[in-house]
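The residues making up each chain are set out below.
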Amino acid sequence: MPAASDVDLAWRGPLSDAEMVELVRAHGGSPVPGWWDRIRPHSLGWVTARVAGTLVGFVNVAWDGGDHAFLLDTKTRTDHQREGIGTLVVAAAAEQARAAGCEWLHVDFRPELRPFYLDACGFRETEAGLVHLPSLS
């Protein structure tokens, strides 16, 4: 387990689409090549976490151009989970969103991630709504 001092966090640091594909694969997901290149221009910013140069964590921060920022796609390599890296990238994202003038940081998550977001990262429950747009047809 790396010490927090061994984790290099960067806001809007260099990040290639190929690195995102590898991180998504290492996180246990199904990567979509080209995804990061399409998403990056719509972000307020992103946080990368690297250990010895290897991308081990990531979170994207989208925003409405005003008071609201949105955490998306928090990921930690499977072999680095439960080391505090996810909490570090979320905290860095929150600080950068605050520094950009945002008042609120939103996140949605699957039920199994409640302890991470609510307990470890300090989010609180709110009422919210969601529409699955493809289901509207």
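Up top is the structure these notes are about.
About the criteria used
Residues numbered from 1 in each chain as written. Predicted model: local features only at pLDDT ≥ 70, side-chain atom pairs only at ≥ 80, totals over all residues. Heavy atoms only, no water. Core = buried A, V, L, I, M, F, W, Y, C linked by side-chain atoms within 4.5 Å. Buried < 20%, exposed > 50% of the residue type's maximum accessible area, 1.4 Å probe, protein only. Helix = DSSP H or I, 4+ residues; strand = E, 2+ residues; numbered from the N terminus. Contact = heavy atoms within 4.5 Å. Phe/Tyr/Trp six-rings, centres within 6.5 Å; stacked < 30°, edge-to-face > 60°. Salt bridge = Lys/Arg side-chain N within 4 Å of Asp/Glu carboxyl O.

(A) Region of interest: the nonpolar core. Ranked by internal contacts, the top residues of the largest apolar core, which has 20 residues, are V61 and L71. Of the residues forming this core, the biggest block, 6 residues, is contributed by helix α3 (residues 85-99). With sequence-adjacent residues up to four places away left out, L71 is seen in contact with V59, N60, V61, V90, A93, L105, H106, V107, Y117 and F123. Counting 9 residues, the second-largest nonpolar core is a separate cluster that includes M20, V24, W46 and L55.

(B) Representation of the environment of V21. By the element assignment, V21 lies in helix α1 (residues 17-27). Measuring from C-alpha to C-alpha, the distance between V21 and L105 comes to 26 Å, with 84 residues separating the pair along the chain. In this structure, V21 is in contact with P31, V32 and P33, ignoring residues within four places of it in sequence.

(C) Just the packing of aromatic side chains, in detail. If you walk through the whole model with that rule in mind, you get 6 aromatic pairs. Centroid distance W35 to W36: 5.9 Å. Interplanar angle 35°. Geometry classified as tilted. When sorted by exposure, W35 lands in the same class as W36, which is buried. An angle of 85° between the planes, with centres 5.3 Å apart, marks the rings of W36 and F58 as edge-to-face. Highlighted residues: W36 in helix α2 (residues 35-39) and F58 in strand β3 (residues 54-63), separated in sequence by 22 residues. Assessed through its relative accessible area of 0%, W36 is described here as buried. Looking at F58, the relative accessible area reads 0%, which means it is buried. Among the aromatic residues, those joined into a ring-pair cluster are W35, W36, W46 and F58.

(D) Broad picture of the side chain of R77. When you line up the elements, R77 lands in the loop between β4 (68-76) and α3. On the basis of relative accessible area, R77 is assigned to the buried category, the value being 16%. In this structure, R77 is in contact with E22, L23, A26, T54, L55 and V56, ignoring residues within four places of it in sequence.

(E) Spatial organisation of the environment of D73. Relative to the helices and strands, D73 is located in strand β4. As for D73 and V107, which are separated by 34 residues in sequence, their C-alpha atoms are 9.8 Å apart. The residues contacting D73, other than those within four sequence positions of it, are W35, F58 and V59.

(F) The pattern of salt bridges, seen in detail. Applying the stated criterion across every chain, the model contains 8 salt bridges. With its nearest N and O atoms 2.7 Å apart, the salt bridge here joins D37 to R40. Of the charged contacts, one joins R110 and E112 as a salt bridge, the two residues approaching to 2.6 Å between their closest N and O atoms. Accessibility classification places R110 together with E112 in one group, the exposed group.

What is shown is where atoms sit, not what they do.
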